[in-house]
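Spelled out, the chains give:
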Amino acid sequence: MIFLSPNTYDHLKSILRQNDEVIEIHSLGTVYESINHHPDIFLFCGDEKIYISAEQYQCIKDHISSSLPIEVLENQLGHRYPYTVSFNGVMLGKYFIHNLNYTASAILEDMKKKKKILIHVRQGYTRCSALPIDDSSLITSDAGIAKAVVPHGIDVCLIRPGFVSLPGQLYGFIGGTAGRVKDTIYFIGDISKHPDYEKIKSFIYAKGLHIAYVPDRPLMDVGSILTFSQANKS
């Protein structure tokens, strides 16, 4: 199962539909306009279940298989930070990374029950800011996230901030431009135009993974490509 923003380039939507079932989330006024179509604002894919805001669930429930394990969470979102980041944590293998003060309580309690190693960071928009590569590595432009996770043995590719489009904001973030599907990191736009592309490419290739992107289109932060598999791989 792949969750996408409706603003994802059509070419990439078509490619991803060849890999798995794709669900486009709905733009909602629950949060401010720049992020009102971002999957990582409205849902979080854990090891064994999908956590989703009640507002978004009402919009997409008819497109979700009844066999999928879903927990619907009420009253998690609002127009102002930090009421926009309840679902925006990063699960990285045995780790859960977020500003733990703002994580939806149901998600945080389940992460504790599953004995995840909890890593607190100041950045509430953690999934926007960090692109998971495998169970122990990520790419980010946020030096605070990098500083917090490296002592836990997580391999970090630290890149320059900016160079990502996010309408209504000065710039977007690398985590919101991409996601992993099987053995490929898919980027929403032309990652090869990023000034740190060679560094990013080398990091991903070193993990035995591939890169796919939409050439000659702006690299866009549209709230990540989120995946969920009932085989406990996300």
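Preceding block: the structure.
Quick look at the structure, then. For clarity, every value in this text was computed on a predicted model and none was experimentally measured.

### Let's talk about the nonpolar core
Alright, step 1. F3, L43, F44 and I107 are the most contacted members of the largest nonpolar core, which has 33 residues in total.
Alright, step 2. Listed by contribution, the elements that provide at least two residues to this core are helix 2 (39-42), strand 3 (43-45), strand 4 (50-53) and helix 4 (105-113).
Alright, step 3. Apart from the residues within four sequence positions on either side, F44 is in contact with K49, I50, Y51, F87, G89, V90, M91, F96, I107 and M111.
Alright, step 4. V164, I200, F203 and L219 belong to the second largest nonpolar core, which has 18 residues in total.

### A short note on the side chain of T126
Alright, step 1. By the secondary structure assignment, T126 is in helix 5 (residues 126-129).
Alright, step 2. Classification of T126 as buried rests on a relative accessible area of 0%.

### Notes on the packing of aromatic side chains
How two aromatic rings sit relative to each other is set out by the distance from centre to centre and by the angle between their planes.
Alright, step 1. With the rule as written, the count across this model stands at six aromatic pairs.
Alright, step 2. Through a chain of ring-to-ring contacts, three or more aromatic side chains come together here, namely F44, Y51 and F96.
Alright, step 3. Positioned over the ring face of F203 is K207, at 5.0 Å from the centre of the ring.

### What about the pairing of strand 4?
Alright, step 1. Burial along strand 4 is two-sided: I50 and I52 and Y51 and S53, pointing in opposite directions, are all buried.
Alright, step 2. Bridging between strand 3 and strand 4 involves three bridges; their strand directions are antiparallel. Bridge pairing links L43 to I52 in strand 4.
Alright, step 3. Hairpin connection, strand 3 to strand 4: the antiparallel pair is bridged by four residues.

### Brief notes about the sheet that holds strand 5 (residues 70-73)
Alright, step 1. A sheet is described by the order of its strands in space; here three strands give the open sequence 3-4-5, paired in mixed fashion. For this open sheet the edge positions go to strand 3 and strand 5, each flanked by a neighbour on one side alone. Sheet twist, expressed as the mean angle between neighbouring strand axes with direction ignored, is 15°.

### Examining the environment of Y186
Alright, step 1. Its location among the elements puts Y186 in strand 13 (residues 184-187).
Alright, step 2. Overall, the relative accessible area of 7% leaves Y186 in the buried class.
Alright, step 3. When the C-alpha positions of Y186 and L16 are compared, they lie 8.8 Å apart, and in sequence the two are 170 residues distant.
Alright, step 4. Excluding residues that lie within four positions of it along the chain, Y186 makes contacts with L12, I15, L16, N19, T177, A178, G179, V181, A212 and I225.

### What about the environment of G176?
Alright, step 1. Structurally, the position occupied by G176 is in the loop between strand 11 (155-158) and strand 12 (178-181).
Alright, step 2. Sequence separation between G176 and I50 is 126 residues; the distance between their C-alpha atoms is 18 Å.
Alright, step 3. Not counting residues up to four positions away in its chain, the partners in contact with G176 are R127, C128, I188, M220, D221, V222, G223 and S224.

### Examining the sheet that holds strand 13
Alright, step 1. Sheet architecture is open: three strands sit in the order 12-13-14, paired in mixed fashion. Edge positions in the open sheet fall to strand 12 and strand 14 (210-213), since each of these has one partner strand only. Within this sheet the neighbouring strands show an average axis-to-axis angle of 25°, counted without direction.
Alright, step 2. Here four bridges tie strand 13 to strand 14, and the two strands are oriented parallel to one another. Its bridge partner lying in strand 14, Y186 is registered against A212.
Alright, step 3. Lying on the sheet, helix 7 (residues 197-206) is in contact with strand 13 and strand 14; it crosses strand 14 at an angle near 135°.

Rules and cut-offs
Residue numbering note: each chain is counted from 1, following its sequence as written. Restriction of local features to residues with pLDDT of at least 70 applies here, the model being predicted, together with a cutoff of 80 or more for giving and counting side-chain atom pairs; totals for whole chains, interfaces and linings are based on all residues. Hydrogens are left out, water is left out, and the side-chain values use all remaining heavy atoms of the structure. Nonpolar cores were defined as sets of buried Ala, Val, Leu, Ile, Met, Phe, Trp, Tyr and Cys residues, with membership established by side-chain atoms within 4.5 Å. Three labels apply to residues, based on accessible area from a 1.4 Å probe with only protein chains included: buried if under 20% of the type maximum, exposed if over 50%, partly exposed otherwise in between. A helix here means a DSSP run of H or I that spans at least four residues, while a strand means a run of E at least two residues long, and both kinds are numbered starting from the N terminus. Residue contacts follow a heavy-atom distance rule, with two residues in contact if any of their heavy atoms lie within 4.5 Å. Pairs were defined over the aromatic rings of Phe, Tyr and Trp, the Trp ring being its six-membered one, requiring ring centres within 6.5 Å. Orientation was assigned from the angle between planes: stacked under 30 degrees, edge-to-face over 60, tilted for the rest. A ring is scored as having a charge over it whenever the NZ atom of a lysine or the CZ atom of an arginine sits within 6 Å of its centre and within 35 degrees of its normal. For two strands to count as paired, DSSP must find a minimum of two bridges between them. Axis lines are fitted through C-alpha atoms, for helices just across the contact stretch, and the angle between N-to-C directions can take any value from 0 to 180 degrees.

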